[in-house]
Amino acid sequence: MSAELLSRLAAILGPSGLLADEADMVSYAIDWRRLFPGRPLCVARPASTAEVSEVVKACRAAGAAIVPQGGNTGLAGGAVPDASGAQVVLSLNRMNKVRAIDPVGLTISADAGCILKVAQDAAAEAGRLLPISLAAEGSATVGGVVSTNAGGVNVVRYGMARALVLGLEVVLADGTVVDMARQLRKDNAGYDLKQLFIGTEGTLGIVTGAVLRLVPRPRHTVTALLSVPSPQAALDLLALAQDELGDTLSAFELMSGYSFDLLKRHLNLTPPIASGDWFVLLEAGASLSGLREAAEAALAAALENGTALDGVIAETGAQATQLWALREHITDGEAREGKSMKHDVSVPIVDVPAFLEAADIAIAEGAPGAKVNAFGHLGDGNIHYNVVLAPGQDGAAINTLVHDVVARFAGSISAEHGIGQYRVDELLIRRAPAEIALARTLKRALDPDDFLNPGKVLPAGG
Ligand code: 2HG
Ligand code: ZN
């Protein structure tokens, strides 16, 4: 049966569209952190939406499940196949074009496999901003960003990927192409069906193209790094920034002293300000003048009242890039420190300090010797509460410790990374039965044979 499927796929895709040798499939078979190894039957690389539809129909007829894959930069193992050798990875990486830009209507339309950075650069060339920014933007794809409802560092101002999606083109589990790639700002004609495919990680349909919202490109940007004595001080600083910078505030990131210790020890990166227990990196952008003066006044006020201990505002674009490099290398520094358990959690923004305190106590008592690398997007309540394990420590027990604290604050166990295969079991425990039942109803309605990305988000078999 699989030989028959391979020859059918070769006929649909041509020689460059199908990979079936193990050596060629290595980078598609495992995630970039090498935590979720799989073994695909083959990798299908369609070059058009029509080919995606044909591949889906052929795989369906052969009973081979499909695992859609974009840049394979996810953190939850959502885009890699299982180890059965029977699943087909459907890579969108040959569908990589920007389709159109409308700088007045403020839209960009792109193939699913278009690299996020390519779309951002195309928007910049048109004098506009595609306001989604994440560390993996040089490899992540538009389709992956949509399918995972990606977050990143600009959510505080622009929302998550969902907030930017105006239209979608998707292929359903039976191969039907649904073209909803409309550019409309307002469209209340019936159910907003595109929402079914945003953040559902390819389990209900395959995103093949998207129309995203652009915004005017701010002419002035300020980027500042501050050291603060505590998470509560960082929250006070957020309130001050909201008062003084208003809705120009586009990033507000919190980083622990331990995060900076990792940067120093493993990557030789140091901040250009006096060290503190915590750091905040903030950015604001506006087209009208006066932004820098407002930021300087806010920094002076924060230093004056003790909210901030030290701080610097970047003088040049290159300096701003250096400040951002500190934030962007924390994941790398953590990986070099040893095995860690990642917790991509959110709680109400005002509860972040209390959450951090309670979680630190839970770890100190329940997992002595473990080290907490807490950093993330304080402006939207999303903290990466990552725990570096001491030798012999049980990662699953640490997950439970942290997620129990998240539950006390009515938070989420996945703020932006999704569920993938990594958190399927926990989702079943942490979400109310009524929500899980509703999710299963949707899955059964759109993919009754559990053929699209089985075992992701929900357990295989429904
Ligand atoms: C980030 O905010 C990413 O840099 C990765 O979401 C977080 O490494 C992590 O846990
Ligand atoms: Zn993040």
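It should be emphasised that the depicted structure is a prediction, and the values quoted were computed from it without experimental measurement. (Residues numbered from 1 in each chain as written. Chains lettered and ligands numbered in written order. Predicted model: local features only at pLDDT ≥ 70, side-chain atom pairs only at ≥ 80, totals over all residues. Heavy atoms only, no water.)

Below, the discussion takes up the coordination of the zinc ion (ligand 2). His-377 (NE2), His-384 (NE2) and Glu-416 (OE) make up the full set of protein donors to the zinc ion (ligand 2), lying at 1.9 to 2.2 Å. In the primary structure, the donors to the zinc ion (ligand 2) are separated according to the pattern H-x6-H-x31-E. His-384 matches His-377 in its accessibility class, with the two residues each being buried. (Donors = N, O, S within 2.8 Å, 3.2 Å for Na, K, Ca; no water. Buried < 20%, exposed > 50% of the residue type's maximum accessible area, 1.4 Å probe, protein only.)

This next bit is on the sheet that holds strand 1 (residues 18-19). Within a sheet, each strand pairs with its neighbour through backbone hydrogen bonds, oriented either parallel or antiparallel. Strand order in the open sheet formed by four strands is 1-2-4-3, with mixed pairing between adjacent strands. In the strand order of this sheet, the two ends are held by strand 1 and strand 3 (66-69), each with one partner. Relative to strand 4 (residues 88-91), strand 3 runs parallel, the two sharing four bridges. What sits directly across from Pro-68, in strand 4, is Leu-90. Where helix 3 (residues 49-62) meets the sheet, it contacts strand 2 (42-44), strand 3 and strand 4, and its direction lies at approximately 175 degrees from that of strand 4. (Pairing = 2+ DSSP bridges. Helix = DSSP H or I, 4+ residues; strand = E, 2+ residues; numbered from the N terminus. Contact = heavy atoms within 4.5 Å. Axes fitted to C-alpha atoms, helices over the stretch in contact; angles between N-to-C directions.)

We note that Asn-268 has phi near 55 degrees; this positive angle belongs to a residue other than glycine. Locating Asn-268 in the fold gives a position in the loop between helix 9 (257-267) and strand 14 (278-286). Unlike most non-glycine residues, Ala-410 shows phi in positive territory, near 50 degrees. When you line up the elements, Ala-410 lands in the loop between helix 14 (395-408) and helix 15 (424-430).

As a matter of local geometry, ligand 1 sits amid Leu-75, Arg-327, Thr-331, Lys-342, Phe-375, His-377, His-384, Asn-386, Glu-416 and His-417. With respect to ligand 1, the side chain of Lys-342 contributes an N or O atom lying 2.8 Å from an oxygen atom. Between ligand 1 and the protein, one listed contact pairs an oxygen atom with a side-chain N or O atom of His-377 at 3.1 Å. Protein coverage of the free-state accessible area of ligand 1, which is 300 Å², stands at 88%. (Near = heavy atom within 4 Å. Polar contact = N/O pair within 3.5 Å; in protein donor to acceptor, adjacent residues only side chain to side chain. Areas by Shrake-Rupley, 256 points an atom, 1.4 Å probe, with all protein chains shown as cover.)

When the parts come together, some accessible area is lost, and that loss is often what is quoted as the size of the interface. On domain assignment, one finds that the chain holds domain 1 (2-91), domain 2 (98-216), domain 3 (220-331) and domain 4 (338-430). Centre-to-centre, using C-alpha coordinates, domain 1 lies 32 Å away from domain 4. Across the contact, seven residues belong to domain 1 and seven residues belong to domain 4. Here domain 1 and domain 4 share an interface that buries about 580 Å² over both sides, 65% of which is from carbon and sulfur atoms. For the pair domain 1 and domain 4, the interface holds zero salt bridges. In this structure, the connection of domain 1 to domain 4 is made through three residue pairs in polar contact (both at pLDDT 80 or more). Each residue belonging to the side of domain 1 that touches domain 4 can be placed in one class, and the counts come to four nonpolar, two polar and one charged. (Domains from an automatic or database assignment. Buried area = accessible area lost by both parts, 1.4 Å probe. Salt bridge = Lys/Arg side-chain N within 4 Å of Asp/Glu carboxyl O. Nonpolar A, V, L, I, M, F, W, Y, C, P; charged D, E, K, R; others polar.)

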